[in-house]
Amino acid sequence: MSSAAPSRPPAVRVDGLTKRFGRTLAVDDLSLTVPPGEVFGFLGPNGAGKSTTIRLLLGLIRPSAGTASVFGVPAADVRRAHRLLGYVPGDVALWPELTGGEILELLARVGPGVDPVYRTELVRRFELDLGKPAKTYSTGNRQKVALVAAFACRASLLVLDEPTSGLDPLMEQVFRRCVAEARERGQTVFLSSHQLAEVEAVCDRVGILRAGRLVEISGITELRRLHRTSVEIGHRGPEPSLVDVPGVMEIERPGEGRLRFTLSGPPGPALRALAAAEVTMLTMREPTLEEIFLDYYGETAR
């Protein structure tokens, strides 16, 4: 009678992770598990403790309490754990005198292996000039070097900390496709971001961090309830009736002939209500993630 094959340990496991810097509690009793093959979003406003958690996961700093592991390897065992992962920080520093091509070769030799054919394809997609020395690169180009090195490597886990800093919208689309391809290859992606749209586009699940504490883990469908759109209109004549219109909240009247409200969910019912009035001006604004957190969690989100 054959026994079942043992299941793989979680790609990321964090139990009671806590980090203090003097009197500052940066990470507070954090516990989460990311299974192999998942794209997990680590979401929160700037200063929530995301980067500190990642530094603990990478073994770059020691926790005040708790544990972290990568595929069952303790994060503190940096040599073994780093053979299993690729890492992209939010602010990439490169060797200034080396060219982009030389840096990619160096990283390939010290990392967990690389797919050279795929790396060449990534260089083309990210429109990266490998012949220039790193000291001439813009912030976005330095980020591209790190992203190419990470996505081309054969690491089982990719840890990406605010990875699209400095990228233009076109390159952000390239990034999202690369994340999807990593998932298709069976790699696990741990993506830290403060951009709701970025996380929503690529992640399977999301953990929401607030002031160092994990306040929620949910799927992307559940995350969409955080969406809010600020709408302001100008109108002539009678004011459009928005009372009891689905999705319309926080109706204000900032001036004569003006109406302001917050909209969540599908805009159809609100647009039909507005169509019954003589609307002279319409503006819509997506809130920042910081504003969403302050709205959803209150002032303690800071």
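Scroll up to find the structure this text is about.
Residues numbered from 1 in each chain as written. Predicted model: local features only at pLDDT ≥ 70, side-chain atom pairs only at ≥ 80, totals over all residues. Heavy atoms only, no water.

Undergrad: So, the overall build of the chain: which residues are in play, and what are the values?
TA: If you tally the helices and strands in the chain, you get 10 helices and 14 strands. Put simply, of all contacts in the chain between residues at least 6 apart along the chain, 68% involve residues at least 24 apart. One finds the centroid of the 37 positive side-chain charges in the chain at a distance of 6 Å from the centroid of its 36 negative side-chain charges. (Helix = DSSP H or I, 4+ residues; strand = E, 2+ residues; numbered from the N terminus. Contact = heavy atoms within 4.5 Å. Lys, Arg positive; Asp, Glu negative; His and termini not counted. Charge placed at Lys NZ, Arg CZ, Asp CG, Glu CD.)

Undergrad: Tell me about the pairing of strand β11 (residues 229-236), and please be specific about residues and values.
TA: The buried fraction of β11 amounts to 6 of the 8 residues, a majority that puts the element mostly inside the structure. Of the strand pairs in this sheet, β11 and strand β13 (residues 258-263) are connected by 6 bridges, and their pairing is antiparallel. In the sheet register, V231 faces β13, and the bridge partner there is F261. Relative to strand β14 (residues 278-285), β11 runs antiparallel, the two sharing 7 bridges. Residue H235 lies in a different strand from β14, and its bridge partner there is V279. (Buried < 20%, exposed > 50% of the residue type's maximum accessible area, 1.4 Å probe, protein only. Pairing = 2+ DSSP bridges.)

Undergrad: Residues and numbers for the sheet that holds strand β1 (residues 12-21), please.
TA: In a beta sheet, neighbouring strands are held together by backbone hydrogen bonds and run either parallel or antiparallel to one another. In space, the 4 strands of this open sheet follow the order β2-β1-β4-β5, with antiparallel pairing throughout. Two strands in the sheet have a free side with no partner beyond their single neighbour: β2 (24-34) and β5 (73-74). Where β1 lies against β2, 7 bridges are found, and the strand directions are antiparallel. When the sheet's bridge partners are listed, L17 is paired in β2 with L30.

Undergrad: Any details on the nonpolar core? Residues and values, ideally.
TA: Residues L122, F126, F151, L158, L160, V189 and C203 are the most contacted members of the largest nonpolar core, which totals 44 residues. A total of 8 residues in this core trace back to one element, the largest contributor, which is helix α5 (residues 139-152). Among the nonpolar cores identified, the runner-up in size contains 26 residues, and F40, F42, L57 and V159 belong to it. (Core = buried A, V, L, I, M, F, W, Y, C linked by side-chain atoms within 4.5 Å.)

Undergrad: Which residues make up the sheet that holds strand β8 (residues 188-193), and what values go with them?
TA: Strand order across the open sheet formed by 6 strands is β6-β7-β8-β3-β9-β10, with mixed pairing between neighbours. In the strand order of this sheet, the two ends are held by β6 (85-88) and β10 (213-219), each with one partner. Adjacent strand axes in the sheet meet at a mean angle of 15° when their direction is disregarded. Looking at chain direction, strand β7 (residues 157-161) and β8 are connected through 5 bridges and run parallel. Residue L157 lies in a different strand from β8, and its bridge partner there is T188. Each of β3 (39-43), β7 and β8 touches helix α6 (residues 169-184); the most contacted strand, β8, lies at about 150° to it. (Axes fitted to C-alpha atoms, helices over the stretch in contact; angles between N-to-C directions.)

Undergrad: So what's going on with the side chain of E38? Which residues, and what values?
TA: Relative to the helices and strands, E38 is located in the loop between β2 and β3. For E38, the side chain forms a polar contact with the side chain of R205, separated by 2.9 Å. Not counting chain neighbours up to four residues away, the residues in contact with E38 comprise Q187, T188, V189, D204 and R205. (Polar contact = N/O pair within 3.5 Å; in protein donor to acceptor, adjacent residues only side chain to side chain.)

Undergrad: Which residues make up the pattern of salt bridges, and what values do they have?
TA: All chains considered together, the criterion is met by 18 salt bridges. With a shortest N-O distance of 2.9 Å, R205 and E38 are connected by a salt bridge. Placement of R205 in strand β9 (residues 205-210) and of E38 in the loop between β2 and β3 is noted, with a sequence separation of 167 residues between them. Taking the relative accessible area as the measure of exposure, R205 reaches 23% and is therefore partly exposed. Taking relative accessible area as the criterion, E38 reaches 10% and is therefore assigned buried. Note that R253 is salt-bridged to E239, the shortest N-O span being 2.8 Å. (Salt bridge = Lys/Arg side-chain N within 4 Å of Asp/Glu carboxyl O.)

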